[in-house]
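Tertiary structure, described
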Amino acid sequence: MSARLSDYDYVLPRELIAQRPLERRDDSRMMVLHRALQKIEHRQFGELKTFLRPGDLAVLNDTRVVAARRFSDNGAVEFLFLERLRSTRWKCMVTPGRKMRVGATATIDDVCLRVEEITADGERIVAFDKDFDVYARGCMPLPPYVNRPSDESDAARYQTVFAREPGAVAAPTAGLHFTSEILSEIPHTFVTLHVGPGTFLPVRSEDIAEHRMHAERFAISPEAADKINSAQRIVAVGTTAVRVLETATRKIRLRGRIVGQAHRLPSAGGAPALQEFQSDQVEPQSGETDLFIYPPFAFRVVDALLTNFHLPRSTLLMLVSAFAGREFIFRAYEEAVRDRYRFYSYGDCMLIL
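The rules behind the values
Residues numbered from 1 in each chain as written. Predicted model: local features only at pLDDT ≥ 70, side-chain atom pairs only at ≥ 80, totals over all residues. Heavy atoms only, no water. Helix = DSSP H or I, 4+ residues; strand = E, 2+ residues; numbered from the N terminus. Buried < 20%, exposed > 50% of the residue type's maximum accessible area, 1.4 Å probe, protein only. pLDDT = per-residue confidence, 0-100. Contact = heavy atoms within 4.5 Å. Core = buried A, V, L, I, M, F, W, Y, C linked by side-chain atoms within 4.5 Å. Pairing = 2+ DSSP bridges. Axes fitted to C-alpha atoms, helices over the stretch in contact; angles between N-to-C directions.

**Considerations on unusual backbone geometry**
Residue Thr 95 is joined to Pro 96 through a cis peptide bond whose omega torsion reads -5°. Locating Pro 96 in the fold gives a position in the loop between β7 (89-95) and β8 (105-108). Residue Pro 296 is reached from Pro 295 by a cis peptide bond, and omega for that bond is -10°. If you trace the backbone, Pro 296 turns up in the loop between β18 (285-289) and β19 (304-308). Phi at Arg 340 takes a positive value of approximately 65°, unusual for a residue other than glycine. Mapped onto the fold, Arg 340 is located in the loop between α6 (326-338) and β20 (349-352). Arg 340 gets classed as partly exposed once you look at its relative accessible area, which sits at 46%. One non-glycine residue, Tyr 344, lies in the positive phi region at around 75°. Relative to the elements of secondary structure, Tyr 344 occurs in the loop between α6 and β20.

**Section: the confidence of the model for the protein chain**
For residues with low pLDDT, the predicted coordinates do not support detailed interpretation. The pLDDT averaged across the protein chain works out to 92; a share of 92% of its residues lies at or above 70. Low confidence marks residues 257-269, where pLDDT is under 50. Its contacts with residues over four positions away, or in another chain, come to 25 contacts.

**Here's the deal with the nonpolar core**
In this structure, Ile 329 and Phe 343 are the most contacted members of the largest nonpolar core, which totals 68 residues. Beyond its immediate sequence surroundings of up to four residues, Ile 329 is in contact with Leu 33, Leu 317, Val 320, Ser 321, Ala 324, Met 350 and Ile 352. By size, the runner-up hydrophobic cluster in this structure holds 21 residues, among which are Phe 178, Leu 183, Phe 190 and Cys 349.

**Thoughts on the sheet that holds β8**
A sheet is described by the order of its strands in space; here six strands give the open sequence β5-β6-β7-β10-β9-β8, paired in antiparallel fashion. Two strands lie at the open edges of the sheet, namely β5 (69-71) and β8, each paired on one side alone. Strand-to-strand, the axes of this sheet are offset by a mean angle of 40°, without reference to chain direction. The pairing of β7 with strand β10 (residues 124-128) spans four bridges and is antiparallel. The residue of β10 that forms the bridge with Lys 91 is Ile 125.

Structure follows, in structure tokens:
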């Protein structure tokens, strides 16, 4: 397991970066990786259900992408609004940064804003002259590798069909393949992680252990925690779901019956407990996580993962390498390039079992 940044690089032809989604969400190809056999299959996303078994639970991220990208009235500055601090005060990213030093001003919809502060990460704290809804006429914040302006179709397609909790500036892209019909056929629950801009920020240190993730807000409801803790196998949909689940665990001592990798507690008046053991349990909670998952990492909750294909040198590629093994992942990526899979947010997916 390598901790060197250069070991997470690969060459991708630009024409394989999906610029638009397929007409139908569930028409995506699905590469299936069987870790135990080191075997690769080429299937379609619509076949997902055939790889699930009784006792499985899919865990999806129900964050909703907000229309956080705005431009100044003269078109000279692009803003990505990240967080509302007070009624007129926002944290944002700006491009180009040289135009927006402390004290610089710009107008959006004839409302003036002024840069009050530049954070250590280069983000701007700006204040508007009056209360202003930045999302009202905003556009979807498509990733930088989508080389086109967002349009009306992206308002629907760069959003999962189950999105309900607004707050993300990037979509949990593994969930984009699901239709309402497919979701209704699969046992599932939702957690929330509001994907931040850190998902696109490059790792700059050759020793990846020196990289620090941006904190992102997450939440797990009591109902979701109960379902997760009762499941026999957890299928995380997306790296964001993985990070929530692996953040919110604790080890508890139980008395019950062990069935496979899961536990079964005796019912009231039922058979006595057979064995005492420890189990990783997910706790209902909300907060922030800056968990960075890279090899080696001991996964405590997630048993299988549905994910898209990720950028070279990215924290997401490191996470899937920790889950499936770097050599196996890179063999799969080489095969995906050779077989002309579609990459990144609007691209195809991978199921790791």
